[in-house]
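Structure assessment
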Amino acid sequence: MNAIAETAAVEAAPTTTFGNTVMDCQVQKIFYGDFLAVRDSHLPIEKNKIIGFIGPSGCGKSTVLRSLNRMNDLIPVFRFEGKVTYHGQDIYDKKVDPVVVRRYIGMVFQQPNPFSMSIYDNVAFGLRLNRFKGNMDERVEKALNGAALWNEVKDKLKNSGLSLSGGQQQRLCIARAIATEPDVLLMDEPCSALDPIATRKVEELMLELKENYTIAIVTHNMQQAMRVADTTAFMGVDISQGSRTGYLVEMGATQRIFEDPQEELTRKYVRGEFS
Amino acid sequence: MSASDLTSESPSFDITSASHQLHRAPFEGRALKSGFLTGLTWIMAVLASVPLFSVIYMLLIEGGSRLDWEAITALPPSAFEMGGGFGNAIIGTLIMVGIATLISVPIGLFAAIYLAILDPDSKLAQTARFLAKVLTGFPSILAGVFVYAAMVVTMKSYSALAGGVALAVLMLPTIVLAAEQAMTTVPKKMKDAAFGMGCTRAQVIWQVVLPTGMPGILTGVMLAVAGAAGESAPLLFTALFSNYFLSSLTEPTASLSILIFNFSGMPYDNQIELAWAASLVLVLIVLVLNITARFIGRQKF
């Protein structure tokens, strides 16, 4: 196990030399207090692609995702060692304001979380936050269209965002996230609270969105990763040091990861031998 | 295998295979006990509302007959005078409760923001929370004595200002605790969403937490206002009373509660009738404020 772990980190880097990298995440160590949650993982994120993070529970895939827009800074004991570059700038640089980072790198959460405001105000929230001066109605419509929700809500924009169904709420959250046209969209298990039909709609939406955005998605569902991700990163848990530390086992084109994985651990995982 | 086979083969259940009895058995022990307890809760609920309804009934009968334009606009009558009213007391109560609200709402709201969001687990927060809880049970007369020493003695006069501060001391803990409660119940996922959009902490608080918690905050403020409007003990030491309309915030000021206290003990029918009417007005003021707050603060979404 340990041997696999060590080789993985070394091998993962050279196999991933991409040209059009928007973000480059080089984790050395991520701590929660004294607990080492993730170590030695290099994850380049390519423009207009969807990268899927898969792996067993507790492998740190959400932790890594939330490190990409500094959401983890809200947890006081969180500590990040390494580098995450966004268009060449390290977002963990002391001069960088995490609030600004999050305006460029949007996020969709596991649980749909609209604000208790009207549908319109939910979508307009980020625009108002950024003191958007243009045609608000137009941008709201565009965002709702982008999230494939416009036709369902166009006659009730004044209704509460919380009055929608779970799947609609999640698409509203996506609309809210894309209204400000962020560069990168992080999605933390966006479909885990949704039924299969709503899940399919969100997946179709992701495939449309990657035309304009770069998406990183954490998913528990391997089929979902196969359906939507261009690149898949498989993360494992290293228990050799007596605690549970996540690390990147292998990363590559989705088809290769699922059909011809290089690592034994990946092979076992994608075959469903453990989860 | 038929249904009868199933029942006959499960002897651990005493479902007699022949009868399949589904009817109620109203005189069985459990049913009687349940019926008795349900009846008891009903009786207790009715008993609990007897004082409230009898007070409201008496107020409407006794106070309603004297409630007219003169009563709510005129100055209080002197001993043997007929007529008169308590216009100055209504204004005094409204002004002093207003002052108290202006003082306690900003302090209470900011304190609650600190307790609920900024640093809920710090030593300071834990101490402040504990003290606020202690202060909710603070004898109101002591608030009056405290402000008497702090303001009346130093300013050398009873005043509306001192009355307002005394009421503010009493309103503060209610507002802090209710607002904290309202803000902590705003779901964490909503705050996460706001942070994820690139909100600063101040923006999360002003644009998401406060609007979402507003109904609860307003309920707390209204409870505090209602309580303060009815207080008399703290005003005895701070605002005292006046038979004239308020002309300055730094002079003794009339209030409904003190007027009720003064007039209800007098041996004159006119004054006693006015005390009833003033009581009714006091209840109505609280009621109107309550309804207004509910209307403004109702959960819109």
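Numbers given for residues are sequential positions, taken from 1 along each chain in its written order. Working convention: letters from A go to chains and numbers from 1 go to ligands, in the order in which they are written. Local features in this predicted model are restricted to residues of pLDDT 70 or higher, and side-chain atom pairs are both shown and tallied only at a pLDDT of 80 or more, whereas totals for entire chains, interfaces and linings draw on every residue. Only hydrogens and water are removed before side-chain values are computed, so all heavy atoms of the structure are retained for them.

Identification of chain B as Phosphate transport system permease protein PstA from Candidatus Competibacter phosphatis is taken from an unreviewed UniProt entry. In its Sequence similarities (unreviewed entry) section, the UniProt entry covering chain B states "Belongs to the binding-protein-dependent transport system permease family. CysTW subfamily." UniProt positions are given in the numbering used here, feature names are shortened, and annotations may be inferred rather than shown by experiment.

The name recorded for chain A in an unreviewed UniProt entry is Phosphate ABC transporter ATP-binding protein, from Candidatus Competibacter phosphatis.

So, about the pairing of strand 6 (residues 105–108) of chain A. All names here are of chain A. Every second residue of strand 6 is oriented toward a common face, with I105 and M107 on one face and G106 and V108 on the other, all of them buried. For two strands to be treated as a pair, DSSP must find at least two bridges joining them. Helix and strand assignments follow DSSP, with helices taken as H or I runs no shorter than four residues and strands as E runs no shorter than two, numbered in order from the N terminus. Pairing of strand 6 with strand 7 (residues 184–188), which is carried by four bridges, proceeds in the parallel orientation. Paired with I105 across the two strands is V184, which belongs to strand 7. Per-residue accessibility, obtained with a 1.4 Å probe over protein chains only, is compared with the maximum for each type, and a residue is labelled buried under 20%, exposed over 50%, and partly exposed between these values.

Turning next to empty space enclosed by the protein. Think of a 1 Å grid over just the protein atoms. A cavity is a set of points where a 1.4 Å probe fits yet cannot get out, a pocket is an open set with protein on both sides within 12 Å along at least five of seven lines, and lining residues have an atom within 4 Å of a point. Grid points are joined across faces, edges and corners, and a volume is the space filled by probe spheres set on the points. A complete count under the given rule lists three cavities of 30 Å³ or more for this structure. Size it by volume and the largest cavity reaches roughly 50 Å³. R102, R103, G106, M107, N130, A177, T180 and P182 of chain A together with G196 and M197 of chain B are the residues that line the largest cavity. Mapped by element, the contributors of at least two residues to the lining of the largest cavity are helix 3 (98–104) and strand 6 of chain A.

Right, let's get into the interface of chain A and chain B. With 25 residues of chain A at the interface, the matching set in chain B holds 17 residues. The term buried area refers to how much accessible surface (probe radius 1.4 Å) is lost by two components on association, counted for both of them together. Between chain A and chain B lies a buried interface of about 1800 Å² when both sides are counted; carbon and sulfur atoms form 68% of it. When the buried surface of chain A facing chain B is broken down by residue, F115, S116 and L129 of chain A rank first, second and third, together holding 27% of it. Two N or O atoms count as a polar contact when they lie within 3.5 Å, although within protein this holds only if one can serve as hydrogen donor and the other as acceptor, and sequence-adjacent residues are included solely when both atoms are side-chain atoms. The tally of links from chain A across to chain B stands at four residue pairs in polar contact (both at pLDDT 80 or more). Among the elements of the structure, helix 3, strand 6 and helix 4 (119–129) of chain A are those that each provide at least two residues to the side of chain A that touches chain B. Here the side of chain A that touches chain B is composed, by residue class, of 13 nonpolar, seven polar and five charged. Should any heavy atoms of two residues lie within 4.5 Å, those residues are counted as being in contact. All residues other than Ala, Val, Leu, Ile, Met, Phe, Trp, Tyr, Cys, Pro, Asp, Glu, Lys and Arg, Gly among them, are scored as polar; the first ten of these are nonpolar and the last four charged.

Bringing the confidence of the model for chain A into the picture now. Note: pLDDT gives the predictor's confidence per residue, expressed from 0 to 100. Here chain A averages 85 in pLDDT, while 93% of its residues score no lower than 70. For the stretch residues 1–18 of chain A, pLDDT sits under 50, and the model shows 29 contacts to residues farther than four places along the chain or on other chains.

Let's shift gears to the environment of L124 of chain B. Examined against the element boundaries, L124 of chain B turns out to sit in helix 5 (residues 123–136). Along the chain, L124 of chain B and Y114 of chain B lie ten residues apart, while their C-alpha atoms are 9.7 Å from each other.

Here we take up the sheet that holds strand 8 (residues 214–218) of chain A. All names here are of chain A. Pairing is mixed across the open sheet formed by ten strands, whose spatial order is 5-4-1-2-10-9-3-8-7-6. Each edge of the sheet is formed by a strand with only one pairing partner; in this case those strands are strand 5 (89–90) and strand 6. Looking at chain direction, strand 9 (residues 231–238) and strand 10 (residues 245–253) are connected through eight bridges and run antiparallel. For M235, the partnering residue across the bridge sits in strand 10 and is L248. Packed on one face of the sheet, helix 7 (residues 166–179) meets strand 6 and strand 7 and runs near 175 degrees to strand 6. Angles here are taken between N-to-C directions and fall from 0 to 180 degrees, while the axes themselves are lines fitted to C-alpha atoms, restricted in helices to the stretch in contact.

This part is about the layout of surface pockets. Empty space within the largest pocket amounts to approximately 620 Å³. If you go around the largest pocket, you meet 19 residues; those closest to its centre are L74 of chain A together with I117, K188, K191 and F195 of chain B. Elements with a contribution of two residues or more to the lining of the largest pocket: helix 4 (87–118), helix 8 (188–196) and helix 9 (201–230) of chain B. Ranked by the residues each element gives to the lining of the largest pocket, the list is headed by helix 8 of chain B, at four residues. Within the lining of the largest pocket, the residues separate by chemical class into eleven nonpolar, one polar and seven charged.

Once that is clear, we can look at the UniProt feature "domain: ABC transmembrane type-1" (unreviewed entry) in chain B. Sequence positions flagged by UniProt for "domain: ABC transmembrane type-1" (unreviewed entry) are, in local numbering, residues 90–293 of chain B. Note that residues 90–293 of chain B is 79% helix and 0% strand, and that its end C-alpha atoms are spaced 20 Å apart.

The feature "domain: ABC transporter" (unreviewed entry), as given by UniProt, occupies residues 22–270 of chain A in the numbering adopted here. As annotated, residues 22–270 of chain A comprises 35% helix and 28% strand, and the C-alpha atoms at either end are separated by 27 Å.

The phi dihedral of R70 of chain A is positive, around 60 degrees, even though this residue is not glycine. The residue R70 of chain A is located in the loop between helix 2 (61–67) and strand 4 (78–86) in this model. The phi dihedral of K156 of chain B is positive, around 60 degrees, even though this residue is not glycine. Tracing the chain through its elements places K156 of chain B in the loop between helix 6 (140–155) and helix 7 (160–184).

All names here are of chain B. Looking at the element boundaries, N88 is found in helix 4. For N88, the side chain forms a polar contact with the main-chain oxygen of S242, separated by 3.0 Å. Engagement of the side chain of N88 in a polar contact is seen with the backbone oxygen of Y244, the distance being 3.4 Å. In this view, N88 contacts A74, L75, P76, S242, N243, Y244, F245 and A254; residues no more than four positions away in its chain are not counted.

All names here are of chain B. It is the contact of helix 7 with helix 9, at a shortest axis distance of 8 Å, that shows an interaxial angle of 155 degrees. Classified by the angle their axes make, helix 7 and helix 9 are roughly antiparallel. Every pair of crossing elements has a handedness; the one defined by helix 7 and helix 9 is right-handed. On helix 9, the residues touching L167, M171, T174, I175, A178, A179, A182 and M183 of helix 7 are V209, L210, G213, G216, I217, G220, V221, L223, A224, V225 and A228. Taken together, the residues of the contact of helix 7 with helix 9 sort by class into 15 nonpolar, four polar and no charged. The scheme is simple: roughly parallel for angles under 35 degrees, roughly antiparallel for over 145, roughly perpendicular for 65 to 115, oblique for anything else. Should the near helix be turned counterclockwise from the far one by less than a right angle, the crossing is left-handed, whereas a clockwise turn marks it as right-handed.

Here we take up the UniProt feature "transmembrane region" (unreviewed entry) in chain B. When the UniProt feature table is mapped to this numbering, "transmembrane region" (unreviewed entry) covers residues 40–60, 90–118, 130–151, 157–183, 204–229 and 274–296 of chain B. With 100% helix and 0% strand, residues 90–118 of chain B has its two end C-alpha atoms placed 40 Å apart.

In this section: the packing of helix 6 of chain B against helix 7 of chain B. Residues and elements named next belong to chain B. Running from amino to carboxyl end, helix 6 crosses helix 7 at an angle of 145 degrees, the nearest separation of the two axes being 9 Å. Where helix 6 crosses over helix 7, the handedness of that crossing is right-handed. On helix 7, the residues that touch S140, A143, F146, V147, M151, V152 and M155 of helix 6 are L161, A162, V165, A166, V169 and L170. Of the residues in the contact of helix 6 with helix 7, the class split is twelve nonpolar, one polar and no charged.

With nine of eleven residues buried, helix 4 of chain A is to be regarded as a mostly interior element. Within helix 4 of chain A, the full set of buried residues consists of I119, Y120, N122, V123, A124, F125, G126, L127 and L129 of chain A. Tucked into the core, helix 4 of chain A has its buried residues touching helix 3, helix 5 (136–146), helix 6 (150–153) and helix 7 of chain A together with helix 9 of chain B. Where helix 4 of chain A ends, the next residue or the one after it, R131 of chain A, has phi of about 50 degrees, a positive value.

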